Every structure is written in C-alpha cells, then in structure tokens.
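# Fold and geometry: a report
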Amino acid sequence: MLLIISDGIHEGVEALASYLQLHAGVHASLALLDLSIWEGVGGGYLIVPRIPLRTVLVERGIVTLEGERGRFIAPQPASSSTSMLKTATASESEFYAQLDQRLPGQADKLKGFVLSLKPFGIEPEFGKSLFLRWQSQDGSTLSAGTIEPTGSIWLLKTVTDARIAGNQEAAERYLEKVASLIHGSVKRYENGTIDVRGSDDRSIRLPTLLQFPAEWKDAIANLVRDISGK
C-alpha cells in the first residue's frame, strides 16, 4: 500500500497517481489521505484525517399534493439512452456549470460529444478539468485530452502516455489530425513535450474543435485502435 498524505490534496496529485498506475511493475495499491491540520486554542494541533471521495448527486423525485389526502410522487425522468445511466458527480456538474458560464451553449455540445466516445472505451473523469481517459489492453490508463472549464484543450499527456505504451507515433498522428482541423500546428518543445497550438499560436479552443465533432471523434477512435487494438 502506497499512501500520499498531505495537508490538502491538490490537482497535481491526481496526475502523479495516474502516472504510477501506468507502470505495471509497481506492485502496490495507491491511496490518498488528506490530513486537515488545525492549530489548537491552547496549543498543540488537531489533525483530522479524510479520504477524498467523489460526491454523488442524488436525483430527487417531485412530490405533488392533490386535494386533502392524495399525493403523487413523480418518477425521475428516464434517460433517452441506456448509455446515459450513470450518476453525475458534483465535479461533473460544477465543470459543466463553469464551462457554460464562460462559453454559453458549449456544455451541451460537449456532453453529447463525450457520450459519443463511449463505444471507444473513453471514460470521462471530472475534477477541476475534464480528462478523456481510456484503458489499453494491459490495463494502462491513457489520455485522449484534457479540457479545462475555460475551454482550453491540452494534448500534452496524450503523447506522454502513448510513449509509455510504446506507440508515440499513434499519438503524433492524432495531434496532426487535430491540428489540421483547426488550422493549427504541432509544437515540439525543448523538454521533449509535444502539443497542438491553434492558428493564433495559443491553446486549442473547445468551440473551434467542436465545429468538427465527427472528425475529432474519428481521430480519437483511430488513436485508441492504434494503441490498444480496440
């Protein structure tokens, strides 16, 4: 058992945990432990341990009173698709709320796009950002991109994960395709990282890339197929 213990669990810890999970040779389980440290009034410290959990939002039924005695509890609305049968986390709702506040109308488009990736094994993970992740045949977790609530998209980790999986070329083809869609370019930095920049030499913007949902989806499908054979 490996424990990461901190006075506050920050976003970078998730990236570290994801990196460790890519290495099958690490024969240990990993857990996060948040120790909230409070200074006592009379001296000393109060240390409160907490295991970070993902809060699940519970759908509420609607109770309608009819007359003096009658009542009717409306059922939860049924999903239009069985693939939507999953609970929404507080992080997911907060992410989409922030995205919709900054870029009105993009949240619904992104939800539909993320849902369309389900057949390729893409499982969205929500924190301060949205991580498009999937698993290769050996159980390694890889990235197809990170989307911030500001609308910026980063593909740095896609290349890093593909390199560890032994097929960096597949990730580079993916980046080249994305760059061509937005009339951007693939940038190679001195530290060895690779990412896509838009036509203005800035980060990829969600509204721009979502103009080509079918092409983006096909590029992700090819990435998954080339690396994992799915």
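Before reading on, note that the structure itself is shown above.
Residues numbered from 1 in each chain as written. Predicted model: local features only at pLDDT ≥ 70, side-chain atom pairs only at ≥ 80, totals over all residues. Heavy atoms only, no water.

On to the nonpolar core, then. In terms of nonpolar packing, the biggest core is built from 41 residues, with Leu-110, Tyr-174 and Trp-216 touching the most fellow members. If one sorts the elements of this core by residue count, helix H5 (residues 168-181) sits on top with seven residues. In this view, Leu-110 contacts Phe-95, Tyr-96, Leu-99, Leu-130, Ile-147, Leu-206 and Leu-210; residues no more than four positions away in its chain are not counted. (Core = buried A, V, L, I, M, F, W, Y, C linked by side-chain atoms within 4.5 Å. Buried < 20%, exposed > 50% of the residue type's maximum accessible area, 1.4 Å probe, protein only. Helix = DSSP H or I, 4+ residues; strand = E, 2+ residues; numbered from the N terminus. Contact = heavy atoms within 4.5 Å.)

Buried within helix H4 (residues 156-165) are the following residues: Thr-158, Val-159, Asp-161 and Ala-162. Here the buried residues of H4 occupy an arc of 165° about the axis, which is enough to place them on one side. The inward-facing, buried residues of H4 abut strand S8 (141-147), H5, strand S11 (194-197) and helix H7 (213-228). (Arc of directions from axis to C-beta.)

With that settled, the discussion passes to the packing of aromatic side chains. According to the stated counting rule, one finds four aromatic pairs in the structure shown. Ring-pair connections join several aromatic residues into one group, and the members of that group are Phe-95, Tyr-96 and Phe-126. Just above the ring of Tyr-96 sits the side chain of Lys-111; from NZ or CZ to the centre is 5.0 Å. Arg-133 extends its terminal NZ or CZ atom over the ring of Phe-131, reaching a point 4.4 Å from the ring centre. (Phe/Tyr/Trp six-rings, centres within 6.5 Å; stacked < 30°, edge-to-face > 60°. Lys NZ or Arg CZ within 6 Å of the ring centre and 35° of its normal.)

Attention shifts here to the packing of H4 against H5. With their axes 7 Å apart at the nearest point, H4 and H5 run at an angle of 155° to one another. Relative to H5, the element H4 is oriented roughly antiparallel. The element H4 and its partner H5 pack so that their crossing is right-handed. For the pair H4 and H5, the contacting residues are Thr-158, Val-159, Ala-162 and Arg-163 in the first and Gln-168, Ala-171, Tyr-174 and Leu-175 in the second. Broken down by class, the residue content of the contact of H4 with H5 amounts to five nonpolar, two polar and one charged. (Axes fitted to C-alpha atoms, helices over the stretch in contact; angles between N-to-C directions. Parallel < 35°, antiparallel > 145°, perpendicular 65-115°, else oblique. Left-handed = near helix turned anticlockwise from the far one by under 90°. Nonpolar A, V, L, I, M, F, W, Y, C, P; charged D, E, K, R; others polar.)

Worth remembering: the numbers are spatial, not functional.
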